[in-house]
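Residue-level listing of the chains:
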Amino acid sequence: MSLKAGIVGLPNVGKSTLFNAITKKTILAANYPFATIDPNVGVVTVPDTRLEFLENLYLPKRLVPTTFEFTDIAGLVKGASKGEGLGNKFLSHIREVDAIVEVVRCFKDNNIIHVEGDVNPKRDIEIINIELILADLEIIENRIDKIAKKAQTTKDKESLNELEVLQKCREALLANKPLRLIELNEEEKMIIKPFNFITLKPMIYVANVGEDDVTKENEYTKQVEEYAAQEKTNRIIMSAKMESELAELEESDKKTFLQELGIHYSGLDKLIFATYELLGLQTFFTVGKDEVRAWTFQKGMTAKKCAGLIHSDIERGFIKAEIMKYPDLEELKDEKKVQEQGKLNLEGKDYIMQDGDIVYFRFNV
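Residues numbered from 1 in each chain as written. Predicted model: local features only at pLDDT ≥ 70, side-chain atom pairs only at ≥ 80, totals over all residues. Heavy atoms only, no water.

## Describing the overall build of the protein chain
The cut-off we apply is this: Put simply, DSSP H or I for four residues or longer makes a helix, DSSP E for two residues or longer makes a strand, and each gets a number counted from the N terminus. Here the term buried applies to any residue with accessible area under 20% of the maximum for its type, exposed to any over 50%, and partly exposed to those in between, with areas from a 1.4 Å probe on protein chains only.
Helix and strand counts for the protein chain come out as 14 helices and twelve strands. Every one of the 365 residues in the protein chain was classed for burial, and the buried ones make up 49%.

Next up, the structure:
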């Protein structure tokens, strides 16, 4: 299951530094706007301590963690929806992602230029969000102009329904309200799905702080917290600079450093967990001597649909799913003991997969 999160923000807020840390890649992170011209895509491993246990238990030839993509999208500026900076190109890249990570500068540094002249998180968030709203509004206006006359003259039900939901979306956007905050039923969501509206995508705010503020609030992070609370969305505090330095360390050194700071997870780990949760993703496992693998699936998916994530033939010929719960295997440390205690279950095609399920799919094609 290929899923993408896009990193957006004003120029020089720390997006590319954060991306460097996430993917452990080196891309241009220069101190001027538009240093990142093409979107940079990196595959991110989702940290999961359960995999460590399964690897030690099965000693497989291959270990495959679950992953998803982060895309670093060049800095937007005021007027991007009208083509300012390199806006239109980058707005099209944002349409291609499943979730948005908006990085907001929450630190002072006279050596790093701020495109708006000073540090003001609330203003910066509003600049970005208004540009995203205007980009969606333009698409809606154009579509309404195209179908309104047809809907009113022919009374075509499909066109009337589309016009109604687009007008509902238009009203929200004109009130500076992103589409993810309005109530849409399943039919309305299906109608607007082809438009791939940016403001319909789930969002996380990252308050990028200096290294000294990574374990505490400051005057700027409080602004981000208040804004995120209004939108009922998540906010994460992290130092992109510190995360970039952590990414260069060996895993044992990284853990020691975090322990000294009194931190259990790095900011990047928290961001990955939060993005995973934001997209409604969970993990199931397949295990054996050849391979232990984590698979990403959408919460609510059935066993049969999850079988299709492995191979379409397994979904097509699905018979049953043998399910162990991870906590049971962790406690008993032996598949046979799990089975002897009646904790290995046979489930049918409509079984709703749960996070941490360890699965063997029976199929015939």
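And the narrative resumes.
## Considering a nonpolar patch on the surface
We count it as follows: Residues enter patches when their relative accessible area tops 30% and they take part in no salt bridge; the joining distance is 9 Å for like charges and 5 Å for the nonpolar side chains Val, Leu, Ile, Met, Phe, Trp and Tyr. Computed by Shrake-Rupley with a 1.4 Å probe, the accessible areas treat only the displayed protein chains as cover when residues are assessed. When a carboxyl oxygen of Asp or Glu lies within 4 Å of a side-chain nitrogen of Lys or Arg, that pair is called a salt bridge.
Taken together, the side chains of Leu-249, Phe-257 and Leu-261 present a nonpolar region at the surface, about 220 Å² in accessible area. The exposure class of Leu-261 is partly exposed, given its relative accessible area of 36%.

## Description of the sheet that holds strand E2 (residues 40-45)
Stated precisely, the cut-off is as follows: Only strands joined by at least two bridges in the DSSP assignment are considered to pair. Angular values range over 0 to 180 degrees, each being the angle between N-to-C directions of two axes fitted as lines to C-alpha atoms, with helices fitted over their stretch in contact.
Ordered in space as E2-E4-E1-E5-E6-E7, the six strands form an open sheet in which the pairing is mixed. Looking along the sheet, the strands with just one partner apiece sit at the ends: E2 and strand E7 (234-238). Direction aside, the axes of adjacent strands within the sheet are offset by 25 degrees on average. Inspection of the sheet shows strand E1 (residues 4-8) paired to strand E4 (residues 67-72) by four bridges, in the parallel sense. Bridge assignment links Gly-6 to a residue of E4, and that residue is Thr-71.

## Digging into unusual backbone geometry
Although it is not a glycine, Leu-59 sits at a positive phi angle of roughly 45 degrees. For Leu-59, the position within the fold is in the loop between helix H2 (49-58) and strand E3 (62-64). A positive phi is found at Asn-196, a non-glycine position, where the angle reads about 55 degrees. Within the secondary structure, Asn-196 is located in the loop between helix H6 (186-192) and strand E6 (203-208).

## Some details on the pattern of salt bridges
Under the criterion given, the structure shown has 25 salt bridges. Several salt bridges converge on common partners, so that one network encompasses Asp-48, Arg-50 and Asp-355.

## Digging into helix H4 (residues 121-154)
Rule in force here: Helix span, as expected, comes to 1.5 Å for every residue beyond the first. By definition, a residue's bend is the angle between the axes fitted to the seven residues ending there and the seven starting there.
Helix length check: H4 (34 residues) gives 49 Å between terminal C-alpha atoms against 50 Å at 1.5 Å per residue, within 8%. At Ile-147, H4 is deflected by roughly 40 degrees, the largest bend along its length. Trailing H4 by a residue or two, Lys-155 shows a phi angle of about 55 degrees, which is positive.

## Description of the packing of aromatic side chains
Just so we agree on the cut-off: Stacked, tilted and edge-to-face are the three classes applied to pairs of Phe, Tyr and Trp rings, where Trp contributes its six-membered ring and a pair requires centres within 6.5 Å; stacked means planes under 30 degrees apart, edge-to-face means over 60, and tilted covers the rest. Charge-over-ring placement is defined geometrically: NZ (Lys) or CZ (Arg) within 6 Å of the ring centre, and within 35 degrees of the ring normal.
With the rule as written, the count across this model stands at eight aromatic pairs. A centroid spacing of 6.1 Å and a plane angle of 90 degrees characterise the contact between Phe-284 and Phe-361, whose relative ring orientation is edge-to-face. Here the residue Phe-284 occupies a position in strand E8 (residues 281-286), and Phe-361 occupies one in strand E12 (residues 357-363), the gap between them amounting to 77 residues. By relative accessible area, which is 6% here, Phe-361 ends up buried. Through a chain of ring-to-ring contacts, three or more aromatic side chains come together here, namely Phe-284, Trp-295, Phe-297, Phe-318 and Phe-361. The ring of Phe-107 has Arg-105 sitting right over it, with the charged end atom 4.7 Å from the ring centre.

## Some points on the nonpolar core
Put simply, the rule is: Joining through side-chain atoms within 4.5 Å is the link that ties buried Ala, Val, Leu, Ile, Met, Phe, Trp, Tyr and Cys residues into a set, and such a set is a nonpolar core. The contact criterion used throughout is that any non-hydrogen atoms of two residues lie within 4.5 Å.
Ranked by internal contacts, the top residues of the largest apolar core, which has 53 residues, are Leu-18, Phe-70, Ile-94 and Leu-271. Other than its neighbours up to four places away in sequence, Leu-18 contacts Ile-7, Val-103, Met-238, Ala-240, Leu-268 and Leu-271.

## Quick look at the pairing of E1
Most of E1 sits inside the fold, with four of its five residues counted as buried. Bridge count between E1 and strand E5 (residues 99-105): four bridges; the pairing is parallel. Of the residues in E5, the one forming a bridge with Gly-6 is Ile-100.

## Details of the confidence of the model for the protein chain
Defined as follows: Values of pLDDT, the confidence the predictor places in each residue, fall between 0 and 100.
Per-residue confidence for the protein chain gives a mean pLDDT of 86; residues scoring 70 or more make up 89%. Confidence drops under pLDDT 50 across residues 26-37; counting only partners more than four residues distant or on other chains, this segment forms 31 contacts.

## Thoughts on the packing of H4 against helix H7 (residues 219-230)
Cut-off, in case you're wondering: Our angle categories are set so that under 35 degrees counts as roughly parallel, over 145 as roughly antiparallel, 65 to 115 as roughly perpendicular, and the remainder as oblique. Charged residues are taken to be Asp, Glu, Lys and Arg, nonpolar residues to be Ala, Val, Leu, Ile, Met, Phe, Trp, Tyr, Cys and Pro, and polar residues to be all remaining types, Gly included.
Running from amino to carboxyl end, H4 crosses H7 at an angle of 45 degrees, the nearest separation of the two axes being 8 Å. Between H4 and H7, the angle is such that the two are oblique. Across from Pro-121, Lys-122, Ile-125, Glu-126 and Asn-129 in H4, the residues of H7 making contact are Tyr-220, Gln-223, Val-224 and Tyr-227. Classifying every residue of the contact of H4 with H7 gives five nonpolar, two polar and two charged.

## Remarks on the environment of Glu-162
Within the secondary structure, Glu-162 is located in helix H5 (residues 157-174). The sequence separation of Glu-162 and Met-190 amounts to 28 residues, and the corresponding C-alpha distance is 9.9 Å. Aside from chain neighbours lying at most four places away, what touches Glu-162 is Arg-143, Ile-147, Ile-191 and Phe-195.

## Some points on H7
Note the following rule: In this description, one arc is meant: the one made by directions from the helix axis to the C-beta atoms. Side-chain atoms alone can form a polar contact between residues adjacent in sequence; in general such a contact is a pair of N or O atoms within 3.5 Å, and within protein one must be able to donate a hydrogen while the other accepts it.
Over its twelve residues, H7 runs 17 Å from end to end, which matches the ideal 16 Å to within 8%, given 1.5 Å per residue. Listed as buried for H7 are Tyr-220, Thr-221, Val-224, Tyr-227 and Ala-228. Projected down its long axis, H7 carries its buried residues within an arc of 120 degrees, all on one side. Residues of H7 that are exposed and angled more than 90 degrees away from the buried face: Glu-219, Glu-226 and Gln-230. Check the buried side of H7 and you find it contacts E5, H4, E6 and E7. Between the side-chain oxygen at the start of H7 and the backbone nitrogen of Tyr-220 there is a gap of 2.8 Å, and the oxygen is on Asn-218. A positive phi of about 55 degrees marks Lys-232, the residue just after H7.

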